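Results of the structural survey
Residue-level listing of the chains:
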Amino acid sequence: MASFNYVALNRAKAKVSGALDAADRRGALAALKAQGLMPLSITESGNTAGSQAVPGKTKTARAPSTARMKPAEVLLFSSELADLLEAGMTLGAALNALANQGEPSDPICAVSADLRDRILRGEAFSDAVDAHPRSFPPIYGNMVRAGEASGAMVEVLHRLSEHYERNQNMKSKIVSALTYPAIVLAMGVGAVVFAMVKIVPQFTTLFSSMGRELPLPTRMLIGMSDGLLKYGVFYAVGIVVGIVLFRKWINGAGRTQWDAFKLRVPLIKGLIASGAYASLAYTMQTLLANGVNVLNALRISEETCGNAVIGAALKTARERVTDGTTISGPLAQSGVFPRMMTDMMALGEQTGNLPAALGHIGRRYEAELDRNIKIFTTALEPLLILFVAAIVGFVAIAILSAVFSATSAMGQ
């Protein structure tokens, strides 16, 4: 056991200090969090003063600044940083506290340490954030810049936390809706491959000994089994190559066609479109409500929307806005967005409260996403059952027809 000295914030946001015994640094962090304390610094007794993690001081043993935070980690980083700033800590001290909460290799700790070092060197927080594009998308840096200009950094961080939480919730809903069919399809394909490789060849030997022509379904089944046994490796290589080429195509020249297809295909389009519209509305609301101008809000929304068709419509709208045109007009003319969405945006522009209108749009399409998920899962279950039944029925007919053929031949 080692002894650790700590400085932390209690539930009342008051600073407390003390010492505790733990097996290692991670155990000390866990012990403090179990007591409801937020660690600001933890140093092992006997360390030199130069290695202590005190607010405003830097530590040398840090992971490189190329560390990348996932969206869920950015959400946690933003909410904790907002809480520390709200408790009265300076930005440098708050970043130092986050940098010392876990192991140096943890993405949050590594990125926080680099942000802290940049702040101490005199960089603006927005510029430090922009130095980590793999962790912070353009919306983050622009909102932080607006928070620096308005002096409302805590409010901006809270809104960023809400933005990330909404996006995470919508993504988790879509992933949950697609997980069940993916598992069923994978198991169905696996069962068919197993039957073709292990079961059908055993019947093939039996059918070959009958000495008479087999029914067409049986010949088709045996042919597919033989082809899979002889050329299965080539099929697998071809599938992998096809997937790689397809991904390269949709990430390059074919991205617009693929994104347009996703907005048209039955069942899927409801999930994709409603999720994209809700995310776009919330993103623009967050940006405009925090003082980002319309052109920058459209540019950032274009870069982060994740759909080339929607992005192209936003780009056209941004070019038209420079001529004094409203946002809703070009978006309505694009034919990409539903009329209800553009009409609500037009109403928000007329009343001078576009962020509030965008908030209503976001909630409207978030609710529609929930309905589309229910429709998708309800419709997909019988389709999957029908698909599996068709495969099993074909195999059963192919085998039974051969058995009936052999039985009738023996009766003659």
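Residues numbered from 1 in each chain as written. Predicted model: local features only at pLDDT ≥ 70, side-chain atom pairs only at ≥ 80, totals over all residues. Heavy atoms only, no water.

Some details on the overall build of the chain
In plain terms, the rule: A helix here means a DSSP run of H or I that spans at least four residues, while a strand means a run of E at least two residues long, and both kinds are numbered starting from the N terminus. Computation of the radius of gyration draws on C-alpha atoms, with the globule rule given as 2.2 Å multiplied by the number of residues to the power 0.38. A simple rule labels every residue: compare its accessible area, found with a 1.4 Å probe on the protein chains alone, to the largest value its type can have, and call it buried under 20%, exposed over 50%, or partly exposed in between. By definition in these notes, contact holds between two residues if any of their heavy atoms fall within 4.5 Å. Accessible surface area values rest on a Shrake-Rupley calculation with a 1.4 Å probe, where residue burial reflects the displayed protein chains alone. For the charge count, each Lys or Arg is scored as positive and each Asp or Glu as negative, with His and the chain ends excluded. Charge coordinates come from a single atom per side chain, which is NZ of Lys, CZ of Arg, CG of Asp or CD of Glu.
The helix and strand tally for the chain stands at 15 helices and three strands. Its C-alpha radius of gyration of 30 Å places the chain more than 25% over the 22 Å reference for a compact globule of 412 residues. Across its three principal directions, the C-alpha atoms of the chain cover 100 × 65 × 35 Å. Buried residues in the chain amount to 40% of all 412 residues. Put simply, 62% of the contacts in the chain that link residues at least 6 apart link residues at least 24 apart. Looking at the chain as shown, the accessible area adds up to about 21300 Å², and 61% of this sits on carbon and sulfur atoms. Positive and negative charge centroids in the chain, built from 39 and 31 side chains respectively, lie 5 Å apart.

A few points about empty space enclosed by the protein
Threshold: Any residue with an atom within 4 Å of a point lines the site, the site being either a cavity, points on a 1 Å grid over the protein atoms alone where a 1.4 Å probe fits but cannot get out, or a pocket, an open set with protein on both sides within 12 Å along at least 5 of 7 lines. Grid points are joined across faces, edges and corners, and a volume is the space filled by probe spheres set on the points.
Applying the stated criterion across every chain yields a total of one cavity of 30 Å³ or more. Of the volumes computed, that of the largest cavity is approximately 30 Å³. Val200, Phe203, Thr204, Phe207, Thr218, Leu221, Ile222 and Ile399 together form the lining of the largest cavity. At the level of secondary structure, the elements contributing two or more residues to the lining of the largest cavity comprise α7 (153–208) and α8 (216–250).

Considering the packing of α7 against helix α10 (residues 268–289)
Here is the rule we go by: For helices, the axis comes from a line fit to the C-alpha atoms of the stretch in contact; other axes are also lines fit to C-alpha atoms, and the angle between any two N-to-C directions lies between 0 and 180 degrees. Here the word oblique covers every angle except those under 35 degrees (roughly parallel), over 145 (roughly antiparallel) and from 65 to 115 (roughly perpendicular). Following the grouping adopted for this structure description, the nonpolar residues are Ala, Val, Leu, Ile, Met, Phe, Trp, Tyr, Cys and Pro, the charged ones are Asp, Glu, Lys and Arg, and the polar ones are all others, Gly among them.
Where α7 contacts α10, the two axes come as close as 10 Å, and the packing angle between them is 175 degrees. Between α7 and α10, the crossing angle belongs to the class labelled roughly antiparallel. Taken together, the residues of α10 that come into contact with α7 (itself represented by Arg159, His163, Arg166, Asn167, Met170, Ile174, Ala177 and Leu178) are Ile268, Leu271, Gly275, Ala278, Ser279, Tyr282, Thr283, Gln285, Thr286 and Ala289. Counted by class, the contact of α7 with α10 contains nine nonpolar, seven polar and two charged residues.

A word on the nonpolar core
Which entries qualify depends on this criterion: For the purposes of this section, nonpolar cores are sets of buried Ala, Val, Leu, Ile, Met, Phe, Trp, Tyr and Cys residues that join through side-chain atoms within 4.5 Å.
Phe77, Leu81, Leu115, Phe125, Phe136, Tyr140 and Phe337 are the most contacted members of the largest nonpolar core, which has 77 residues in total. The element contributing the most residues to this core is α10, with eleven residues. Phe4, Tyr6, Leu20 and Leu37 belong to the second largest nonpolar core, which has eleven residues in total.

Regarding the layout of surface pockets
The volume enclosed by the largest pocket comes to roughly 860 Å³. For the largest pocket, the lining is made up of 32 residues, of which Asn167, Lys171, Ser279, Thr304 and Cys305 are closest to its centre. Listed by contribution, the elements that provide at least two residues to the lining of the largest pocket are α2 (71–86), α7, α9 (255–262), α10 and α11 (294–304). With eight residues, α7 is the largest single contributor of residues to the lining of the largest pocket. In terms of residue class, the lining of the largest pocket is made up of 14 nonpolar, eleven polar and seven charged. Roughly 250 Å³ of internal volume is contained in the second largest pocket. The wall of the second largest pocket is formed by Ile174, Leu178, Trp258, Phe261, Lys262, Val265, Ile268, Leu271 and Ile272.

Overview of helix α3 (residues 91–99)
Where burial is concerned, most of α3 is hidden: eight out of the nine residues are buried. Within α3, burial applies to Gly92, Ala93, Ala94, Leu95, Asn96, Ala97, Leu98 and Ala99.

Considering the confidence of the model for the chain
What counts here: Residue-level confidence of the predictor is summarised by pLDDT, bounded by 0 at the bottom and 100 at the top.
Confidence along the chain averages 82 in pLDDT terms, with 92% of residues attaining 70 or more. Every residue in residues 47–64 is under pLDDT 50, and counting partners more than four places away or in other chains gives 35 contacts.

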